[in-house]
Amino acid sequence: MINPVSIFQNDAMQMLRKRRSEIEQRMKSGEIQPATMIGGNAYTDIEWNKLLERMDTTLETVKEEQKERFARIDAEQAQKAILKKIEEEKSNVPYSYLAKDGFIEYNGVVFTCDEEHHAICLGDMTNEEEVIRIPLTEGGCLKVNRNNLSELSKAISMFSPSDIRRIMEAIARDAKCEQMKLQLEEDSDSVGESAEAKMDSHGADVVTAEQVSLLLKDREQEKDL
């Protein structure tokens, strides 16, 4: 008796052998490539190489886009820097990069920007006799009322080292000049004794009117700078 199951198994094996032989022939001829599993997908060598080529092309495109974007950013930053410099030069006020709406506030001390005179001012500027004018290193000047010197000391770190030196020297020189003026006034008010007579009696320690005049002249020259 013929067993149907045995016949089916034999036919199935022959079909598998034939299919396998066809696949091997196609692989030898290059029609079919061996596949590699990548994640959940299978790629032949040709497919994988094509994928890598597409990725390389994409990466090059991304690099070009990034290069252009960074170039635009650099150009924008350079333009902003130029505009900032133009604004600073236009204002022509010392330390104008700290200014906002015509004022500079530093450590609670408020300076007023005087563009007309290229100056930053601290205190009342009404009476010029009470104002010390200090030329600054980068141009322009600082004007400070003698009554606001304590405020200036709170904001002194705002200035550059060279400007701090100028400020301290100017304040010391002004204080010396004021002291000499006061001494001269006291000498003038003395009854029966002139400044020249005191100099004769006390020696060179007493300042003369000529010395005070020279100091005042120096200070006036500073104001004209």
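Residues numbered from 1 in each chain as written. Predicted model: local features only at pLDDT ≥ 70, side-chain atom pairs only at ≥ 80, totals over all residues. Heavy atoms only, no water.

## A few points about the pattern of salt bridges
And step 1. Tallying each qualifying case throughout the model produces five salt bridges.
And step 2. Across the pair glutamate 169 and arginine 165 runs a salt bridge whose closest N-O atoms are separated by 3.5 Å. Residue glutamate 169 and its partner arginine 165 are both found in helix α4 (residues 161-189); the two are separated by four residues, about one turn of the helix.
And step 3. Residue glutamate 169 is classed as partly exposed on the basis of its relative accessible area of 41%.
And step 4. Members of the salt-bridge network, linked through shared partners, are Glu130, Arg146, Asp174, Glu178 and Lys181. (Salt bridge = Lys/Arg side-chain N within 4 Å of Asp/Glu carboxyl O. Helix = DSSP H or I, 4+ residues; strand = E, 2+ residues; numbered from the N terminus. Buried < 20%, exposed > 50% of the residue type's maximum accessible area, 1.4 Å probe, protein only.)

## Overview of the sheet that holds strand β6 (residues 131-135)
And step 1. Spatial strand order, β3-β4-β5-β7-β6: five strands in an open sheet with mixed pairing. Looking at which strands have only one partner, the edges of the open sheet turn out to be β3 (103-106) and β6. For this sheet, the mean inter-axis angle between neighbouring strands, taken without regard to orientation, is 25°.
And step 2. Where β6 meets strand β7 (residues 141-145), five bridges bridge the pair, whose relative direction is antiparallel. Looking at the pairing, isoleucine 132 lines up with valine 144 of β7. (Pairing = 2+ DSSP bridges. Axes fitted to C-alpha atoms, helices over the stretch in contact; angles between N-to-C directions.)

## Points about the pairing of strand β5 (residues 119-122)
And step 1. Judged by which residues are buried, β5 turns out to be covered on both faces: Ala119 and Cys121 on one side and Ile120 and Leu122 on the other are all buried.
And step 2. Here strand β4 (residues 109-114) runs beside β5; their pairing, made up of three bridges, is antiparallel. From the neighbouring strand, threonine 112 faces β5, where its bridge partner is cysteine 121.
And step 3. Here β4 folds back onto β5 in antiparallel fashion, the turn holding four residues, of which histidine 118 has a positive phi close to 55°.

## Section: a negative patch on the surface
And step 1. There is a patch of like negative charges on the surface, built from Glu53, Asp56, Glu60, Glu64, Glu65 and Glu68.
And step 2. By the element assignment, glutamate 68 lies in helix α2 (residues 45-91). (Patch = residues over 30% accessible without salt bridge, like charges linked within 9 Å, V, L, I, M, F, W, Y side chains within 5 Å. Areas by Shrake-Rupley, 256 points an atom, 1.4 Å probe, with all protein chains shown as cover. Lys, Arg positive; Asp, Glu negative; His and termini not counted. Charge placed at Lys NZ, Arg CZ, Asp CG, Glu CD.)

## Details of the side chain of asparagine 148
And step 1. Along the polypeptide, asparagine 148 turns up in the loop between β7 and α3 (149-154).
And step 2. Classification of asparagine 148 as buried rests on a relative accessible area of 13%.
And step 3. There is a polar contact of 2.7 Å between the side chain of asparagine 148 and the side chain of glutamate 151. (Polar contact = N/O pair within 3.5 Å; in protein donor to acceptor, adjacent residues only side chain to side chain.)

## Notes on the packing of aromatic side chains
And step 1. On inspection of all chains with the given rule, the structure shows three aromatic pairs.
And step 2. Arranged with centres 5.3 Å apart and planes meeting at 80°, the rings of tyrosine 95 and phenylalanine 159 form a pair that is edge-to-face. With tyrosine 95 in the loop between α2 and β3 and phenylalanine 159 in the loop between α3 and α4, this pair connects stretches of sequence that are 64 residues apart. Like phenylalanine 159, tyrosine 95 is buried. (Phe/Tyr/Trp six-rings, centres within 6.5 Å; stacked < 30°, edge-to-face > 60°.)

## Focus: the environment of arginine 146
And step 1. Mapped onto the elements of the fold, arginine 146 is located in the loop between β7 and α3.
And step 2. We classify arginine 146 as buried; its relative accessible area is 17%.
And step 3. From its side chain, arginine 146 meets the backbone oxygen of glutamate 129 in a polar contact 2.5 Å long.

## Concerning the confidence of the model for the protein chain
And step 1. Summarising the model, the protein chain shows a mean pLDDT of 75, and 57% of its residues fall at 70 or more.
And step 2. When pLDDT is averaged over each helix and strand of the protein chain, the minimum, 49, is found for helix α5 (residues 195-202) and the maximum, 97, for β7.
And step 3. Predicted confidence for residues 201-208 stays below pLDDT 50, and this span has 13 contacts to residues more than four positions away or in other chains. (pLDDT = per-residue confidence, 0-100. Contact = heavy atoms within 4.5 Å.)

## Considering the nonpolar core
What tends to happen in soluble globular proteins is that the nonpolar side chains get buried as a cluster.
And step 1. In this structure, Ile104, Phe111, Ile120, Ile134, Leu142, Leu152 and Phe159 are the most contacted members of the largest nonpolar core, which totals 19 residues.
And step 2. Going through the elements one at a time, β4, β5, β6, β7 and α4 are the ones with two or more residues in this core.
And step 3. Sort the elements by how many residues they give to this core and β4 lands first, with three residues. (Core = buried A, V, L, I, M, F, W, Y, C linked by side-chain atoms within 4.5 Å.)

## Observations concerning unusual backbone geometry
And step 1. The backbone phi angle of tyrosine 95 is positive, close to 60°, even though this residue is not glycine.
And step 2. Take tyrosine 95: its relative accessible area is 12%, and that puts it in the buried class.
And step 3. A positive phi angle is found at aspartate 101, which is not glycine, with a value near 55°.
And step 4. For aspartate 101, the position within the fold is in the loop between α2 and β3.

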